[in-house]
Amino acid sequence: MTPDGDEADPNTVSERTTQRAPSDDPETRDRPSGSATMASVTETKPPSTGSSRTTSGGVGERVFRGLTTGSGLVVVAAIALIGLFLVVQAVPSLLANNANFLTSPDFNTSDAGNLRFGIRDLLAVTLLSSLMALAIAMPIGMGIALFLTQYTPARLARPFSYVIGLLAAVPSIVFGLWGILVLAPAIEPIAQFLQTYLGWFFLFAPGNLPVLTGTIFTGGIVLAIMILPIITATTREVFAQTPRFQIEAAQALGATRWEVIRMAVLPYGRSGFIAASMLGLGRALGETIAVLIVIRTATSPSHLSLFDGGATFASKIAAAASEFSQPLPTGAYIAAGLVLFVLTFVVNALARVVAGGKVNG
Amino acid sequence: MAKRLDLKDVDIYYGDFHAVQNVNLSVPPRSVTSFIGPSGCGKSTVLRTLNRMHEEIPGARVEGQIQLDGEDIYARGSDAVAVRRTIGMVFQRPNPFPTMSIRDNVVAGLKLQGVRDKKKLDEVCEASLRGANLWKEVSGRLDKPGGGLSGGQQQRLCIARAIAVQPDVLLMDEPCSALDPISTLAIEDLIGDLKKDYTIVIVTHNMQQAARVSDQTAFFNLEATGKPGHLVEIDDTEKIFSNPTERETEDYISGRFG
């Protein structure tokens, strides 16, 4: 009933934990072994409630702290090791590369003695399909979130949210099959229309495929559906937390439903919505199997059109995975994976920056 | 501007729960009427029916008549949004729009009504801030966000926002309960100034405040938890606090309950 009262709690808790951490550190350094230290603690430390609690629960406290610290370090170590693995594996192939890694549209690794690979087209297809997915999913996700939090009574909103959640549970492979077998032929007339009337614009210009099915356009729509639940679920949470007193402020001025949304809900939820969209973008960038199935491979370079075919970083690597035997060609794909790794990192960092710029202090 | 309010046989329900029973009272224009009474007696509920804010709670409904200068605000064809544009409200907790500048906060209501003329908006902004005794403190930083002000200043900003649309009635729901004594005094002084132009209804838990700011006082009570609240009596503030008609009122204001 009173969301405003709950706001302060997480902050106070996190402050308390961060304040505790440094004061506990010297103790750990003083006492390398566990058993013989009880006496030294009582001697060195003035009796206070804090220290007595540490002495009484000393072993358990330290074990637990060790476990949590360890868990935290595992994540950092895993990311560092993945990065290291990618770099170590990629460097020899990058050195042996006879094409420009960043600008070449080819990805030719069939001759291990003459590697010619570049990520230009992989990057183009990855970004075009992901950004198109985002452009579709962001407004729809926001619309659903607003519908669920502002227009629907609670007893209808709940089952509806479950359905959205179910969308997230559909396996990628199913999305892929549905995308190429059902969606692609169904939207072909739309693609045809766009190309006929908006073909002068580079995104809708004729692509490098002979057909209009299985293009980035198709893949983008499939990806949009796949990231919709992520964006919707997070955005719904944020919108639902809009403080009651902010909403009342707008209502009392005679704001209509939409004006309340514009004056209170959107300013409050803006950063959360953007962060949610970035999460969705991260998912779209890395999606593999659905893209592999939906977007056809192309034989000529990308035209930067939505009606191109081709491969994303992820689908290119997945398609070649069965042929990873020689280290140098394999390294070329790992280099592509490294770029994807960095790309998702950048997206996550952006999401963090945006979400960190809190609207309500 | 400054209209009178009449409540006739008003009953308020939340679903099946009968929250407030049979309220009859009149609020004359250009005066301050305070609602006092124990928690749960329905005084805030009654206040919220005066600008139809209670309708935001599912299942809430009103029976009887609430008239603004003789016109029923619940009449068929009148809608809550329109009512709220003429009956302003100030809340317990200061609630400026945190991302809007001070200026945009003040003129938010006017913008909702479609006023776009920048000169007119600036004029109203200054007049409203002056009216809320806030102009001197913020005139140099009108473009700064309203969330950056102190609690007392935020509440006066909310009052400025409410009077910017020149409401017929100004409702205040415990406007000082989140403020320190000095800010409270500033708001009470402001209420004294505002009643020259506005009809004001204020809900307060603070009986001294009711005695200080209001011309007439309505005392609400409830027999027991779960029973509907009711209006015990309404009279001149001086009379309520010196020589009330009802025994119940005297017990409450002198600190003897029940």
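Here, residues in each chain are numbered from 1, in the same order as that chain's written sequence. Note on labels: chains are lettered from A, ligands numbered from 1, in written order. Thresholds applied to this predicted model are a pLDDT of at least 70 for local features of residues and 80 or more for the giving and counting of side-chain atom pairs; totals over whole chains, interfaces and linings are not thresholded and use all residues. For side-chain calculations, the full set of non-hydrogen atoms in the structure is used, while hydrogens and water are omitted.

J.: Even after reading the chapter, I still don't get the overall build of chain A, so can you show me in this structure?
T.: Helix and strand content of chain A: 14 helices and two strands. Think of it in three bands: with a 1.4 Å probe and only protein chains considered, a residue is buried below 20% of the maximum accessible area for its type, exposed above 50%, and partly exposed in between. Within the span of chain A, comprising 361 residues, buried residues form 42% of the whole. Each accessible area value is a Shrake-Rupley result obtained with a 1.4 Å probe; residue values ignore everything except the protein chains displayed when judging cover. Summed over all atoms, the accessible surface of chain A reaches about 19100 Å², with 67% contributed by carbon and sulfur. Helical segments are the DSSP runs of H or I of at least four residues, strand segments are the runs of E of at least two, and each set is numbered from the N terminus.

J.: What exactly am I supposed to notice about the overall build of chain B here?
T.: Counting its secondary structure elements, chain B contains eleven helices and ten strands. Here the globule rule is a power law, 2.2 Å times the number of residues to the power 0.38, and the radius of gyration is based on C-alpha atoms. In terms of C-alpha radius of gyration, chain B reaches 18 Å, essentially the compact-globule figure of 18 Å for 258 residues. The principal-axis extent of the C-alpha atoms belonging to chain B is close to 55 × 45 × 30 Å. The contact definition used throughout considers only heavy atoms, calling two residues in contact when any of these lie within 4.5 Å. When contacts within chain B are restricted to residue pairs at least 6 apart in sequence, those whose partners lie at least 24 apart make up 69%. Summed over all atoms, the accessible surface of chain B reaches about 11200 Å², with 47% contributed by carbon and sulfur.

J.: In this structure, what is going on with empty space enclosed by the protein? I would like to understand it.
T.: If a probe as big as a water molecule is rolled over the atoms, it shows which places are left empty. Of the grid points, spaced at 1 Å and generated over the protein atoms alone, those admitting a 1.4 Å probe that cannot get out make up cavities, while open sets with protein on both sides within 12 Å along at least five of seven lines make up pockets; any residue with an atom within 4 Å of a point is treated as lining. Grid points are joined across faces, edges and corners, and a volume is the space filled by probe spheres set on the points. Overall, the coordinates contain two cavities of 30 Å³ or more when judged by the stated rule. A volume near 60 Å³ is recorded for the largest cavity. Around the largest cavity sit Ala249(A), Ala252(A), Leu253(A), Gly88(B), Met89(B), Phe91(B), Cys158(B), Arg161(B) and Ala162(B), which together line it. Of all elements in the fold, only α10 (244–252) of chain A together with β6 (87–90) and α7 (151–163) of chain B reach the threshold of two or more residues within the lining of the largest cavity. Ranked by the residues each element gives to the lining of the largest cavity, the list is headed by α7(B), at three residues. Amino acids are sorted into nonpolar (Ala, Val, Leu, Ile, Met, Phe, Trp, Tyr, Cys and Pro), charged (Asp, Glu, Lys and Arg) and polar (every other residue, Gly among them). Partitioning the lining of the largest cavity into residue classes produces seven nonpolar, one polar and one charged.

J.: I'm lost on the packing of aromatic side chains in this one. Help?
T.: Each aromatic ring pair is summarised here by two numbers: the centre-to-centre distance and the angle between the ring planes. Ring geometry is summarised as follows: Phe, Tyr and Trp rings, the Trp one being its six-membered ring, pair when their centres sit within 6.5 Å, and such pairs are stacked at plane angles under 30 degrees, edge-to-face over 60 and tilted between the two. For the structure on display, the rule yields 14 aromatic pairs over all chains. Look at Phe204(A) and Phe307(A): their rings are 6.3 Å apart centre to centre, the planes differ by 45°, and that puts the pair in the tilted class. You can see Phe204(A) sitting in the loop between α8 (172–198) and α9 (216–240) and its partner Phe307(A) sitting in the loop between α12 (289–294) and α13 (313–320), a full 103 residues away along the chain. Exposure class is identical for Phe204(A) and Phe307(A). Each is buried. Pairing Phe341(A) with Phe345(A) gives two aromatic rings, centres 5.1 Å apart and planes at 35°, and the pair type is tilted. In this pair, Phe341(A) and Phe345(A) both sit in helix α14 (residues 327–356), four residues apart, roughly one turn of the helix. We classify Phe341(A) as partly exposed; its relative accessible area is 21%. Taking relative accessible area as the criterion, Phe345(A) reaches 45% and is therefore assigned partly exposed. One aromatic cluster is present, built from ring pairs that chain together Trp200(A), Phe201(A), Phe202(A), Phe204(A), Phe217(A) and Phe307(A). In our convention, an over-ring charge means Lys NZ or Arg CZ found within 6 Å of a ring centre and within 35 degrees of that ring's normal. Between the NZ or CZ atom of Arg61(B) and the centre of the ring of Tyr13(B), over which it lies, the distance is 4.4 Å. Above the face of the Phe97(B) ring, Arg161(B) is positioned so that its terminal group lies 4.8 Å from the ring centre.

J.: Would you take a moment to explain the environment of Asn206(B) for this structure?
T.: All names here are of chain B. Structurally, Asn206 is set in the loop between β8 (199–203) and α9 (207–213). In this structure Asn206 comes out as partly exposed when scored by relative accessible area, which is 30%. Considered as a pair, Asn206 and Glu174 are 32 residues apart in the sequence and their alpha carbons are 8.7 Å apart. We define a polar contact as two N or O atoms separated by no more than 3.5 Å, with the added condition that, inside protein, one atom must be a possible hydrogen donor and the other a possible acceptor, whereas residues neighbouring each other in sequence contribute only through side-chain atom pairs. Within the structure, the side chain of Asn206 is placed 3.0 Å from the backbone nitrogen of Gln209, a separation counted as a polar contact.

J.: Whenever I open this one, the interface of chain A and chain B confuses me. Can you help?
T.: As a measure of interface size, the accessible area lost when the parts come together is often cited. Taken together, the contact pairs 19 residues of chain A with 21 residues of chain B. The term buried area denotes the loss of accessible surface (1.4 Å probe radius) that occurs when two parts are joined, taken as the sum for both partners. A buried area of about 1800 Å², summed over both sides, lies between chain A and chain B, and 61% of it is on carbon and sulfur atoms. Ranking the residues of chain A by area buried against chain B places Ala252(A), Leu253(A) and Met263(A) at the top, with a combined share of 32%. Any Lys or Arg side-chain nitrogen found within 4 Å of a carboxyl oxygen on Asp or Glu counts as a salt bridge. One can count two salt bridges joining chain A with chain B. At the level of elements, α10 and α11 (257–286) of chain A are the ones that each hand at least two residues to the side of chain A that touches chain B. Here the element with the most residues in the side of chain A that touches chain B is α10(A); it accounts for eight residues. In the side of chain A that touches chain B, the residues fall into nine nonpolar, five polar and five charged.

J.: Teacher, can you tell me more about the state of the cysteines here?
T.: Joining two cysteines, a disulfide is a covalent bond between their sulfur atoms. Residues and elements named next belong to chain B. We call a pair of cysteine sulfur atoms a disulfide when they lie within 2.5 Å. Considering all chains together, one arrives at zero disulfides over all chains under this definition. The thiol of Cys125 is not disulfide-bonded; the next cysteine sulfur, from Cys158, is found 14 Å away. The closest cysteine sulfur to the non-disulfide-bonded Cys158 is located on Cys176, 12 Å from its own sulfur.

J.: Looking at this model, I keep getting lost on the side chain of Thr109(A). Mind explaining?
T.: Relative to the helices and strands, Thr109(A) resides in the loop between β1 (107–108) and β2 (116–117). The residues contacting Thr109(A), other than those within four sequence positions of it, are Leu115(A), Phe117(A), Pro329(A), Ala332(A) and Tyr333(A).

J.: When you look at the nonpolar core in this model, what are you seeing that I'm missing?
T.: Generally speaking, soluble globular proteins have nonpolar side chains that are buried together. Within the largest apolar cluster, 62 residues are counted, with the highest numbers of intra-cluster contacts made by Phe107(A), Ile119(A), Phe217(A), Leu306(A) and Phe313(A). Of the residues forming this core, the biggest block, eleven residues, is contributed by α14(A). Leu306(A) has contacts with Leu128(A), Met132(A), Leu203(A), Phe204(A), Thr215(A), Ile216(A) and Phe217(A), leaving out every residue within four places of it along the chain. Among the nonpolar cores identified, the runner-up in size contains 36 residues, and Leu134(B), Ile159(B), Ile163(B) and Leu179(B) belong to it. By nonpolar core we mean a set of buried residues, namely Ala, Val, Leu, Ile, Met, Phe, Trp, Tyr and Cys, connected to one another through side-chain atoms within 4.5 Å.

J.: Quick question: what am I supposed to make of the sheet that holds strand β4 (residues 60–68) of chain B here?
T.: Backbone hydrogen bonds hold the strands of a sheet together, and the pairing may be parallel or antiparallel. Residue and element names in this part refer to chain B. Strands pair, by our definition, only if DSSP identifies at least two bridges between them. Spatially, the ten strands line up as an open sheet ordered β5-β4-β1-β2-β10-β9-β3-β8-β7-β6, and their pairing is mixed. The outermost strands of the open sheet, each flanked by one partner alone, are β5 (71–72) and β6. Relative to strand β10 (residues 229–236), strand β2 (residues 17–27) runs parallel, the two sharing two bridges. Paired with Gln21 across the two strands is His230, which belongs to β10. Here an axis means a line fitted to C-alpha atoms, over the contact stretch when the element is a helix, while the angle between two N-to-C directions is reported on a 0 to 180 degree scale. The sheet strands contacting α7 are β6 and β7 (169–173), and the helix crosses β6 at an angle near 175°.

J.: Got a minute to help me understand the pairing of strand β9 (residues 216–222) of chain B in this structure?
T.: Note on strand geometry: in a regular strand, side chains alternate between the two faces of the sheet. Residues and elements named next belong to chain B. The buried fraction of β9 is high, at seven of seven residues. Neither face of β9 is open: one carries Gln216, Ala218, Phe220 and Leu222, the other Thr217, Phe219 and Asn221, and all of them are buried. When strand β3 (residues 32–36) meets β9, the two strands line up parallel, connected through four bridges. Counterpart to Phe35 in the pairing with β9 is Ala218. As paired elements, β9 and β10 share seven bridges and run antiparallel to each other.

J.: Would you explain helix α5 (residues 118–131) of chain B in this entry?
T.: Count 3.6 residues to each turn of an α-helix, and residues three or four apart come out pointing the same way. Residues and elements named next belong to chain B. Compared with the 20 Å implied by 1.5 Å per residue over 14 residues, the 20 Å span of α5 between its first and last C-alpha is a close match. Against the buried residues of α5 lie α3 (102–106), α4 (108–112), α6 (135–138) and α7. Structurally, the start of α5 carries an N-cap: the backbone nitrogen of Lys119 is 3.2 Å from a side-chain oxygen of Asp117. Each helix should span, by expectation, one fewer than its residue count multiplied by 1.5 Å.

J.: Could you clarify how one ought to interpret the pattern of salt bridges in this entry?
T.: Oppositely charged side chains can form a pair if their charged atoms are brought close together. A complete count under the given rule lists 24 salt bridges over all chains for this structure. Here Lys111(B) ties to Asp104(B) by a salt bridge, and the two come within 3.4 Å at their closest N and O atoms. Of the residues examined, Lys111(B) reaches a relative accessible area of 33% and is grouped as partly exposed. If you follow the salt bridges from partner to partner, you end up with Arg244(A), Glu248(A), Arg48(B) and Asp173(B) in one network.

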